[in-house]
Amino acid sequence: GSSEDMTEHTATTPSGQTFILAVVSGKGGVGKSMTSVNTADTLNRMGYRVALIDVDIGLSNCATLMNEPSGYSVSRWVGGECCLEDLPQDCSGVTLVTASDDPGSNHFEPGLLMDALDQVSDWLCEDHQFVIIDTPAGAGEMTLWALDKAHLGAVVLVDEPTSVADAYRLCKYVYSIDPGYPFACIVNQAENEMTAGSTFKRFNTILNYFMDQQAAYLGFIPASPSIRDSIRQQRPLGKADPGHSVLVEFQFISANLIGLSGSPARQHSSTY
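Everything quoted here is computed from the prediction, not taken from an experiment. (Residues numbered from 1 in each chain as written. Predicted model: local features only at pLDDT ≥ 70, side-chain atom pairs only at ≥ 80, totals over all residues. Heavy atoms only, no water.)

**Points about the overall build of the chain**
Along its length, the chain carries ten helices and ten strands. Buried positions account for 52% of the 272 residues belonging to the chain. The contacts in the chain between residues at least 6 apart in sequence include a share of 80% that link residues at least 24 apart. On the chain, roughly 11600 Å² of surface is accessible, and the fraction owed to carbon and sulfur atoms is 50%. (Helix = DSSP H or I, 4+ residues; strand = E, 2+ residues; numbered from the N terminus. Buried < 20%, exposed > 50% of the residue type's maximum accessible area, 1.4 Å probe, protein only. Contact = heavy atoms within 4.5 Å. Areas by Shrake-Rupley, 256 points an atom, 1.4 Å probe, with all protein chains shown as cover.)

**Things to note about helix α5 (residues 141-149)**
Burial analysis of α5 places seven of its nine residues in the buried class, which makes it a mostly covered element. Met142, Thr143, Leu144, Trp145, Ala146, Leu147 and Asp148 are the residues of α5 that are buried.

**Side note on the packing of helix α1 (residues 32-45) against helix α10 (residues 247-261)**
Two numbers describe a pair of packed helices, the interaxial angle and the distance between the axes. For the pair α1 and α10, the least separation of the axes is 9 Å and the interaxial angle reads 75°. Relative to α10, α1 is oriented roughly perpendicular. Contacts between α1 and α10 involve Met34, Asn38, Thr39, Thr42, Leu43 and Arg45 from the former and Leu247, Phe250, Gln251, Ile253, Ser254, Leu257 and Ile258 from the latter. Class assignment for the residues of the contact of α1 with α10 results in seven nonpolar, five polar and one charged. (Axes fitted to C-alpha atoms, helices over the stretch in contact; angles between N-to-C directions. Parallel < 35°, antiparallel > 145°, perpendicular 65-115°, else oblique. Nonpolar A, V, L, I, M, F, W, Y, C, P; charged D, E, K, R; others polar.)

**Focus: empty space enclosed by the protein**
Using the criterion set out here, one finds one cavity of 30 Å³ or more in the structure. Taken as a whole, the largest cavity spans an internal volume of roughly 50 Å³. Along the walls of the largest cavity sit Met34, Val37, Asn38, Leu65, Ser230, Ile231, Gln234, Arg235 and Pro236, which together make up its complete lining. Of all the secondary-structure elements, those providing two or more residues to the lining of the largest cavity are α1 and α8 (225-233). Top element by residues in the lining of the largest cavity is α1. It accounts for three residues. A per-class count over the lining of the largest cavity returns five nonpolar, three polar and one charged. (1 Å grid on protein atoms, 1.4 Å probe; cavity = no way out; pocket = protein on both sides within 12 Å on 5 of 7 lines; lining within 4 Å. Points joined across faces, edges and corners; volume = space filled by probe spheres on them.)

**Thoughts on the nonpolar core**
In globular proteins that are soluble, nonpolar side chains generally tend to be buried together. By size, the foremost hydrophobic cluster in this structure holds 47 residues, and its most contacted members are Val74, Phe183 and Phe203. When near neighbours in sequence (up to four residues on either side) are disregarded, valine 74 contacts Leu87, Val97, Thr98, Ala99, Leu113, Ala116, Leu117 and Val120. Counting residues in hydrophobic clusters, the runner-up holds 35 residues, among them Val30, Met34, Ile221 and Leu247. (Core = buried A, V, L, I, M, F, W, Y, C linked by side-chain atoms within 4.5 Å.)

Okay, here's the thing in structure tokens:
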């Protein structure tokens, strides 16, 4: 990211402001996009105006998971193929914007795409209460851009040594830039609440031991055939199976985010 600007972050925002969440992971394949889509859908069904920005350049999955055509992307806007107003797609109540669905679009100056995404996210903040940014795995430029925009980084973990180690490396890198960065964890594919708690505790023990840091706990998502079915159907679980018990866990995660978004601001400075 750029080190020219000092950006004020909040782990929480004053009531009435848009709350921005960056969903991140150390490695791919942990269910980051599924988590982003279902959290956005749950918040929307709880009565909030929610936007979802997919910034996984060339490998964007959010539109697929919501069974929407890719439509216009931010990279096409940068290339002069469409207007800013063409970008938002209404996905059954959630506003979706895709950064790029073309793997070749990284020929743009990285700064150009990020400047455009700055404009898009600021524009979405005008009429949405939550903006969720689904990022690529790892600590690349797009992930750092998303973390810099966000009030909170939600790390998606699964109970595998590589997932925990890679998530630690991501957090360590971000802490080296901004020691006060607020992270929280969502444990995916957990057998039950107890195993999820154990995975989270193991991750926090490593953060605490090596970095003297602690992440908050947002909740867990069970390893459930119903989630796999909803992914195959290309629909959020709340639309594929509205009465399913697993939805309680997405509501728990969403309720924690709602709690954070309504709390007094807690400032920390960033040097991205």
